[in-house]
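Structural overview for review
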Amino acid sequence: MDPTATGLARSPSEVESEPVVEATPLTSTGVPGDDWWQRGVIYQVYPRSFADSNGDGVGDLPGLVAHLDHLGHGPDGLGVDAIWLSPIYPSPGLDAGYDISDHGAIDPLFGTDADFERLVAEAHRRGIRIILDLVLNHTSDRHPWFVSSRAGRTGPHADWYVWRDPAGRDRSGRPRPPNNWLSFFGGSAWTYEPAREQFYLHTFLTEQPDLDWRSPAVREAQYAMIRGWLDRGADGFRLDVFNALVKDAELRSNPTRGWRRRPWDRQEHRHDKDQPGLREVLCELRAIVDARPGRMTVGELFEGGPAVAATHTADRHLVFDFGLLEQPWAAPAYARAIREREAAFGPGRWPTVVLSNHDRSRTATRLAGSRGDTDEIARAAAVVLLTQRGTPFLYYGEELGLRDVEIPRGEIQDPPARRAGLAFPWWNRDQCRSPMPWTAGPGAGFTTGRPWLRLTPDSAIRNVEAQAADADSILALYRRLIAVRRVTPALNRGDQVLLPAPAAEVLAYLRQAGASVALTVVNFGRRPARFELSTGVATAWRPLVTTHLALPAGFRDGGAVRLGPHEAAVFVPTGAG
Ligand code: GLC
């Protein structure tokens, strides 16, 4: 059929003259389920990889400010509602900034206080909020609190971290750790400090000691820091491993399970996370955030499925659910994950939709593996990410279909990846953290110097400039999807019902908010698939957005669609805006 009849096939000049979508106001409407952080799209910036302004090879805040139009609501923008910045605080950089030595300051690597102020002002001017990453569970071992705490048992910070006496001595006279807890990054979670003749706890690196959240002084100090960032214009916080903040009061050993590949998985983590005291901490924290209307929090769930995520989801507090991210590219697997999530969250809780972040293999690589149709799968995955119930979190570079970048052993930065081996399997997270390719030029427009991590080898063709000039690029698809999501109530706030699939490779779901209805159909397979559109809600539909501008001949065939391999489309009833 003639693709123009769908209203989708437009010439590049028509696309350029699309009306600029208005940014949502920065104030909250106060209508439940109608907050910007529920309806909006949140974009994760990994600051050291986004844009470098001073040629030191590391991204920085002025670089980000210079590229805000890529994210904003103008004709060249993605139209996101907020940016979540991975940590920008002073840090020795042993866990790429998640080891913080001063939670209240900006790392000079990224810029100055004035640069942060300018970022907030420039982002807000464009209708984009700023979400900071709060690493509350631990600090760097160079943090002055820990330096003071490890010096002895009597100083002002003596009890700020989780210290315990040894559980006796082993046969060679060495102190034994207080319990069997493990570090997620390998080895015991306990390190002995001779100055105190005690062990301290570190759920991650030895250089990342865990704070004791049962200490009122720790809470007060962290809350003061949070108020400080709110005063400086932060619109919300991503809470790193938030469900590990509170540990069992008696520090009991975890029950062990049978053999698993990862030592961490050989324990049931009953006592080192998800403790009852967490709720109280979250309530205190939320009270501080809620004192400023329109601010949000999202917790990073440290292991656990949708049921655990839903339990921790509270009024105005989102929780990442990594259920979708863990699925292979198969319609039944996605359907199961969506069903599980919907059952766990129910209509009363608002979920998140996450397909990638700075810890996981990028969507295109992860889902396509070594198959040749990587870009096609990246496009279909974009449709899945942006059409579900829940707040989508989009990781920088995904809008270009960026892939994981192979890092030779000698260039590995990620500390657990350096110690990886048979006894400690670990996926090198550097692979998903490569610098953003902006142009085809040297340094991909990311830096004039030597990038801190290798660039993607295809940056000469896969970059923002090239894709912005192509109305049918992956970037253009992301822009279309975000734009239609913004103006279609069914997509940004509607409920979600899975429809029976006519073929194993097809995923279809209906979203509905009052009179607004949208139907998404995704073909996960490599063969064309047919789908009957008549659902009872409407018999005649028209495509609102599809993975490519040019629709295949015979795309719409009466009340049915025929989708090509990895093709996806969003439909609205004919006559709907
Ligand atoms: C979170 C972060 C990860 C970091 C870890 C320890 O999982 O996403 O990057 O290594 O916390 O802070």
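Residues numbered from 1 in each chain as written. Predicted model: local features only at pLDDT ≥ 70, side-chain atom pairs only at ≥ 80, totals over all residues. Heavy atoms only, no water.

Observations concerning the domain arrangement of the protein
Here the protein is described as being made up of domain 1 (39-135 + 304-376 + 385-477) and domain 2 (488-573). Each of domain 1 and domain 2 was reduced to a C-alpha centroid, and the two centroids are 28 Å apart. Opposite the 22 residues of domain 1 that make contact, domain 2 presents 25 residues. Carbon and sulfur atoms supply 57% of the area buried between domain 1 and domain 2, which totals about 2,000 Å² over both sides. (Domains from an automatic or database assignment. Contact = heavy atoms within 4.5 Å. Buried area = accessible area lost by both parts, 1.4 Å probe.)

Re the pairing of strand S14 (residues 516-523)
Of all eight residues making up S14, eight are buried, and the element is well covered by its neighbours. Burial of S14 is two-sided: the residues Ser-516, Ala-518, Thr-520 and Val-522 facing one way and the residues Val-517, Leu-519, Val-521 and Asn-523 facing the other way are all buried. Strand direction decides the pairing type here: strand S13 (residues 506-513) and S14, joined by eight bridges, are antiparallel. Considered in S14, the bridge of Arg-511 is made with Ala-518. The loop that links S13 with its antiparallel partner S14 comprises two residues; one of these, Gly-514, has a positive phi angle of about 60°. The sheet contact formed by S14 and strand S19 (residues 568-573) spans four bridges and is antiparallel. (Buried < 20%, exposed > 50% of the residue type's maximum accessible area, 1.4 Å probe, protein only. Helix = DSSP H or I, 4+ residues; strand = E, 2+ residues; numbered from the N terminus. Pairing = 2+ DSSP bridges.)

As for the pattern of salt bridges
Inspection of the entire model under this criterion finds 36 salt bridges. Note that Glu-300 and Arg-238 form a salt bridge whose closest N and O atoms lie 3.3 Å from each other. With a gap of 62 residues between them, Glu-300 in the loop between strand S8 (296-299) and helix H9 (306-312) and Arg-238 in strand S7 (residues 236-239) connect regions that are remote in the sequence. Accessibility expressed as a relative area gives 9% for Glu-300, which makes it buried. Accessibility expressed as a relative area gives 1% for Arg-238, which makes it buried. Here the salt bridges do not stand alone but share partners, grouping Asp-95, Asp-359, Asp-414, Arg-429 and Arg-433 into one network. (Salt bridge = Lys/Arg side-chain N within 4 Å of Asp/Glu carboxyl O.)

With respect to the sheet that holds S14
Spatially, the five strands line up as an open sheet ordered S12-S13-S14-S19-S16, and their pairing is antiparallel. Each having just a single partner strand, strand S12 (495-498) and strand S16 (541-546) make up the two edges of the open sheet. When strand polarity is set aside, the average angle formed by the axes of neighbouring strands in this sheet is 25°. Note: S12 against S13, four bridges, orientation antiparallel. Opposite Gln-496, over in S13, you have Arg-511 as the bridge partner. In this fold helix H10 (residues 331-345) packs onto S12 and S13, with an angle of close to 135° to the strand it touches most, S12. On top of the sheet, helix H15 (residues 474-487) reaches S13 and S16; it is set at about 130° to S16, its chief contact. (Axes fitted to C-alpha atoms, helices over the stretch in contact; angles between N-to-C directions.)

Focus on the sheet that holds strand S11 (residues 391-395)
If you trace the eight strands from one edge of the open sheet to the other, you get S9-S8-S7-S3-S2-S1-S11-S10, paired in parallel fashion. Of all the strands in the sheet, just strand S9 (317-319) and strand S10 (352-354) have a single pairing partner and so form its edges. Between one strand and the next, the sheet's axes are offset by a mean angle of 25°, whatever the strand orientation. Bridge analysis of strand S1 (residues 42-45) against strand S2 (residues 82-85) gives four bridges, and the strand direction is parallel. The residue of S2 that forms the bridge with Val-45 is Leu-85. Against the sheet, helix H8 (residues 278-290) makes contact with S7, S8 and S9, and its axis sits at roughly 150° relative to S8, the strand it touches most.

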